[in-house]
Amino acid sequence: MTHPSPPSLPPAKFGIVDLFAGPGGLDIAATIMKDEGVESIGVEWDDPTRATRAAAGLLTTDVKDVAALGPCDPSVVEATVLTGGPPCQSFSVAGSRKGHQALDDVLRLATRLADHEDETSFDAAWKEVKAETDAMSDDRTGFVLQPLRWVMEAKLKRGRPYEVIVLEQVPTVLPVWKHFADILRRTGYAAEAHVLHTEDFGVPQTRRRAVLIAQFDPGNEHRKVRFPEATHQRYRKGAERLPPIHDHQDGSLFRASRSGGDVEPWVSMGDALRATRTSEFVMVSNYGSGGDPKNRGRRESGEPAPTITGKVRRNRLYPLRRDGSGEIVIREEEQLARLSPAEAGLLQSFPAAYPWRSTDVAQQIGNAVPPRLSLHILSMALFREPPQEKWYTLLKEWRPEEPAMPVAARRPARLQTSPPPVPSSASRRPRTGASAKSSVK
């Protein structure tokens, strides 16, 4: 009996291996760039998230654990680009001693992985580092070191460094990325790390991400690394939304900025959800409230959404009403339907047709990097120029490919001399043994 070959990254001009890949926020952007020689394969642990990736047609390694793979593995050996967004839970309490301690530990351990000239020396250092991270109360702290391990092993074991490295995480991780940049410069990379605001790039949501971009360029390690430049207005509470600078006759949702430094207005929730939310509304969010109901933020449909998290289903929506003084009036009995998975995905800039799977979709969406932001980051990291305007339309209109039709189904049907019998309700049930409810998933 023959077994299908495990998925592997095909040779490409820019072959990306995406660590901690999630539902595909970066990989779907890579798919949009396919005609420019970009391919990607993701490494993802979570089975429901892998189901979403499979439904979207994204390439994913059979091995789920980033720690169990490396640059020399046949499934990813062709990669020329390393990307990743390691889990950040260890650093989400950075205002406390616990969060600061996690950052201090990572900076110290990263230093021990730097400047090795042979794989024997590096392997010894990695063994010590891994033993320490495995013994930590939160062993996820060590995940953020995995991309650095991959970088060093690509150089020392594969003998072919990654040409480009892109890492992203919450702003708390910026000191780690800056420390990584220092290490990478000593390894032959031009590298920088900065915080980017998602609404600056046409994402209908305010969200900040710490991003590292490194390009292998021995001898020019201290040159400037170009980062994406804002195409849209930065959101500030109480700020007035700018008028558009383009007449979008094609009805496109996401706008590209013209040359000369002008920016488009921010993309609002109303813009992103206009197919399903035809009236103005207000969103009441728990994000940033610290659990205090009095601190719950409010955003109108003419503003970007607050940061979309795994608790996005808790956000409540109401018709936008004001009293005589202009204050927003919320009536509990008028609460609207909460965001659907497709709507929450749109606020992350995923296509409307993205095939979310399983019951933890909100967590998948909240953890993802916005595809629209990924277009900007990847384009600048790989091509050193802004995204092509057609990519925005391709992202918006993207749909998963239809599965290939079985050969038998493609045969011409025989001429029928009488109408086919109408099937009974029982015969229309799924024939896989699954219930009708489970077959819908």
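Here is what the cut-offs are and how they apply
- Residues numbered from 1 in each chain as written.
- Predicted model: local features only at pLDDT ≥ 70, side-chain atom pairs only at ≥ 80, totals over all residues.
- Heavy atoms only, no water.
- Helix = DSSP H or I, 4+ residues; strand = E, 2+ residues; numbered from the N terminus.
- Buried < 20%, exposed > 50% of the residue type's maximum accessible area, 1.4 Å probe, protein only.
- Contact = heavy atoms within 4.5 Å.
- Areas by Shrake-Rupley, 256 points an atom, 1.4 Å probe, with all protein chains shown as cover.
- Axes fitted to C-alpha atoms, helices over the stretch in contact; angles between N-to-C directions.
- Parallel < 35°, antiparallel > 145°, perpendicular 65-115°, else oblique.
- Left-handed = near helix turned anticlockwise from the far one by under 90°.
- Nonpolar A, V, L, I, M, F, W, Y, C, P; charged D, E, K, R; others polar.
- Core = buried A, V, L, I, M, F, W, Y, C linked by side-chain atoms within 4.5 Å.
- Phe/Tyr/Trp six-rings, centres within 6.5 Å; stacked < 30°, edge-to-face > 60°.
- Lys NZ or Arg CZ within 6 Å of the ring centre and 35° of its normal.
- Pairing = 2+ DSSP bridges.
- UniProt positions renumbered as here; feature names shortened; annotations may be inferred.

1. Things to note about the overall build of the chain
In terms of helices and strands, the chain carries 13 helices and nine strands. Within the chain, the fraction of its 441 residues that count as buried is 48%. Long-range pairs, those at least 24 residues apart, make up 67% of the contacts in the chain between residues at least 6 apart in sequence. Of the roughly 22,300 Å² of accessible surface on the chain, a fraction of 51% belongs to carbon and sulfur atoms.

2. A few points about the packing of helix H4 (residues 119-134) against helix H5 (residues 146-158)
Where H4 meets H5, the axes come as close as 10 Å, and the angle between the chain directions of the two elements is 160°. Judged on the interaxial angle alone, H5 and H4 are roughly antiparallel. For H4 against H5, the interelement crossing comes out left-handed. Along its contact with H4, which presents Glu119, Phe122, Asp123 and Trp126, the element H5 presents Gln146, Arg149, Met152, Glu153, Leu156 and Lys157. When the residues that make up the contact of H4 with H5 are grouped by side-chain class, the tally is four nonpolar, one polar and five charged.

3. Thoughts on the nonpolar core
Across soluble globular proteins, nonpolar side chains show a tendency to be buried alongside one another. Val38, Leu347, Tyr354 and Leu375 are the most contacted members of the largest nonpolar core, which totals 53 residues. The element that contributes the greatest number of residues to this core is helix H10 (residues 371-383), accounting for seven residues. When sequence neighbours within four positions are dropped, the list of residues in contact with Leu375 reads Ala29, Ile32, Met33, Pro387, Trp391, Tyr392 and Leu395. Of all hydrophobic cores here, the second largest spans 48 residues; its members include Ile41, Val106, Trp177 and Ala181.

4. Thoughts on the packing of aromatic side chains
Taken as a whole and assessed by the stated rule, the structure comprises ten aromatic pairs. Pairing Phe350 with Trp356 gives two aromatic rings, centres 4.8 Å apart and planes at 70°, and the pair type is edge-to-face. Just as Phe350 is buried, Trp356 falls in that class too. Ring centres 6.2 Å apart and planes at 45° place the aromatic pair Phe383 and Trp391 in the tilted group. Residue Phe383 shares its accessibility class with Trp391, and that shared class is buried. The structure contains a cluster of three or more aromatic residues connected by ring pairs, namely Phe350, Tyr354, Trp356 and Trp398. The ring of Tyr162 is capped by Arg158, whose NZ or CZ atom sits 4.7 Å from the centre of that ring.

5. Remarks on unusual backbone geometry
Look at Ser349: it is not a glycine, yet its phi comes out positive at around 80°. Counting through the fold element by element, Ser349 comes out in the loop between helix H8 (341-347) and helix H9 (361-367). Given the relative accessible area of 2%, Ser349 is considered buried. Phi at Ser358 takes a positive value of approximately 80°, unusual for a residue other than glycine. Mapped onto the elements, Ser358 comes out in the loop between H8 and H9.

6. What about the sheet that holds strand E8 (residues 297-300)?
Pairing is antiparallel in the open sheet, where three strands are placed in the order E8-E7-E9. Every other strand in the sheet has two partners, leaving E8 and strand E9 (316-319) as the edge strands with one partner each. Along the sheet, successive strands turn relative to each other by an average axial angle of 25°, direction set aside. One ladder, built from four bridges, connects strand E7 (residues 281-285) with E8; its direction is antiparallel. Paired with Val282 across the bridge in E8 is Glu300.

7. Concerning the sheet that holds strand E1 (residues 14-19)
If you walk across this open sheet you meet the six strands as E2-E1-E3-E4-E6-E5, and the pairing is mixed. Of all the strands in the sheet, the pair left with one neighbour each is strand E2 (38-43) and strand E5 (189-197). Across this sheet, the average inter-strand angle for adjacent strands is 15°, counted without regard to direction. Both E1 and E2 contribute to a ladder of six bridges, which runs parallel. Counted as the bridge partner of Val17 is Ile41 from E2. Contacts between H10 and the sheet are confined to E1, E2, strand E3 (81-84), strand E4 (164-169), E5 and strand E6 (208-216), with E6 contributing the most and set at about 20° to the helix.

8. Remarks on the UniProt feature "active site" (unreviewed entry) in the chain
Residues annotated by UniProt as "active site" (unreviewed entry) correspond here to Cys88. By secondary structure assignment, the location of Cys88 is in the loop between E3 and helix H3 (97-112).

9. Description of the pairing of E3
Alternating positions in E3 separate into two faces, Val81 and Thr83 on one and Leu82 and Gly84 on the other, with burial throughout. Note: E1 against E3, four bridges, orientation parallel. Its bridge partner lying in E3, Val17 is registered against Leu82. Pairing between E3 and E4: four bridges, direction parallel. Bridge pairing in E4 links Gly84 to Leu167.

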